[in-house]
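Descriptive structure summary
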Amino acid sequence: MLSYKKPVLKDSIKLDFLRRMFNSDSLSAIFDELQPDQIIEAQRFIWEKTIEFGIKVKGKDFSQDELMERFKPVSAYQMEMKCDYPASKCRGTECFYSDPECAINKAKNQVDVMSKIINELLGFDTE
Amino acid sequence: MQDLDIETELQHIGEIAIIGPTGSAKYHFIHSLCRKPIITDHDIIFGRYDVNPELSLFLYGIGYEYERVNFAWDLVANKILGYIVLFDWYNDQSFKMAQNILDFLTAEFDAPITVAADVFDRPFPVQTSIFRPSISLSHQTQFTFCRSNNPASVKKVVISLLDMLINRLS
């Protein structure tokens, strides 16, 4: 046994995300149960899996650039939220601590986009 | 409990624990690989798989009832190379229990873990290229699907766990 080091996001929660992906269930639905640092990690995990599944399904034809184009641009989101902060602040994770409601809302939007992409990759009905 | 004939002078033994909420699934899993699983006095399912004359795998099917967890774990935990968490993919309660088991294992042990979602005779929810050989959740845990009553499928799960162990060594 080793000394217990608490992970930011438990494997059991990642397992939940995976099950939701394969059941075509909402991924952002459980964000309300997570702390900001867990949401950051969850977003990273979901992004990683989106890339992984994209490569497994499409191989060389899979383009991360095409993926990025599906997200709302930071500038558009900031305009929508009437935010005057520099774009770099919105691209980073700082706002999860200074303005968590806004940052979490953005994260949910991005994860919903990734969820749609995963559904397409897995061949689920996206209607 | 039957006596076990362990030829330690000639053989190397690897020990793997299969943990899950359903006794029948664990039994099917071990029986798919090992000819004659034994159910011990303490409800541990034991199976032996001889990989070759020099190497055998001992598989222990262990339940996760909270009140009995200490006893079973005392018996086997210190010797385990890796864990397989086996649950019924189509059963929400089984999934919740698998999450609890995973929380326990990752908190207490550093050995590699393969979470195997059993679909039995039902279809896989996604194409096999997505989940084979496995999907990584963390440095310690990976995920795959399996059919607990299918020897080829069970073998793939065990091999993926052993691959994880070997990768850690290198």
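Presented here is an overview of the structure given in this document. Every chain's residues receive numbers from 1 upward, in the order its sequence appears when written. Each chain is given a letter, starting from A, and each ligand a number, starting from 1, according to the order in which they appear as written. Totals for whole chains, interfaces and linings use all residues, but because this is a predicted model, local features are given only for residues with pLDDT of at least 70 and pairs of side-chain atoms are given and counted only at 80 or more.

1. Quick notes on the packing of helix 1 (residues 11-22) of chain A against helix 2 (residues 36-58) of chain A
Residue and element names in this part refer to chain A. The contact between helix 1 and helix 2 brings their axes to 11 Å, and the two run at 45 degrees. As judged from the angle between their axes, helix 1 and helix 2 are oblique. Viewed along their axes, helix 1 and helix 2 form a crossing whose handedness is right-handed. Side by side, helix 1 and helix 2 meet where Lys14, Phe17 and Met21 of the first sit next to Ala42, Phe45, Ile46 and Lys49 of the second. Each residue receives one of three labels: charged for Asp, Glu, Lys and Arg, nonpolar for Ala, Val, Leu, Ile, Met, Phe, Trp, Tyr, Cys and Pro, and polar for the others, Gly being one of them. The class makeup of the residues in the contact of helix 1 with helix 2 is 5 nonpolar, no polar and 2 charged. A fitted line through C-alpha atoms represents every axis, and for helices the fit uses only the stretch in contact; the resulting angles, taken between N-to-C directions, go from 0 to 180 degrees. A helix here means a DSSP run of H or I that spans at least four residues, while a strand means a run of E at least two residues long, and both kinds are numbered starting from the N terminus. In this scheme, roughly parallel covers angles under 35 degrees and roughly antiparallel covers those over 145, while 65 to 115 is roughly perpendicular and the rest are oblique. Handedness of a crossing follows from how the near helix is turned relative to the far one, being left-handed for an anticlockwise turn of less than a right angle and right-handed for a clockwise one. Placing C-beta atoms from the backbone, we regard two residues as in contact once those atoms come within 7 Å.

2. Considering helix 3 (residues 92-108) of chain B
The span you would expect from a helix comes to 1.5 Å times its residue count less one. Relative to the 24 Å expected for 17 residues at 1.5 Å per residue, helix 3 of chain B spans 25 Å between its end C-alpha atoms, a close match to the ideal helical length. With C-beta atoms placed from the backbone, the exposure class of a residue follows from how many other C-beta atoms lie within 10 Å of its own: 20 or more, buried; 12 or fewer, exposed; in between, partly exposed. Within helix 3 of chain B the residues assigned to the buried category are Met97, Ala98, Ile101, Leu102, Leu105 and Thr106 of chain B. Viewed along the axis of helix 3 of chain B, the buried residues span an arc of 165 degrees, placing them on a single side of the element. Seen from the open side of helix 3 of chain B, the exposed residues pointing more than 90 degrees away from its buried face are Asp92 and Gln93 of chain B. Considering only its buried residues, helix 3 of chain B is in contact with helix 1 of chain A together with strand 1 (12-19), strand 5 (82-88), strand 6 (113-118) and strand 8 (141-146) of chain B. It is the directions from the helix axis to the C-beta atoms whose arc is reported.

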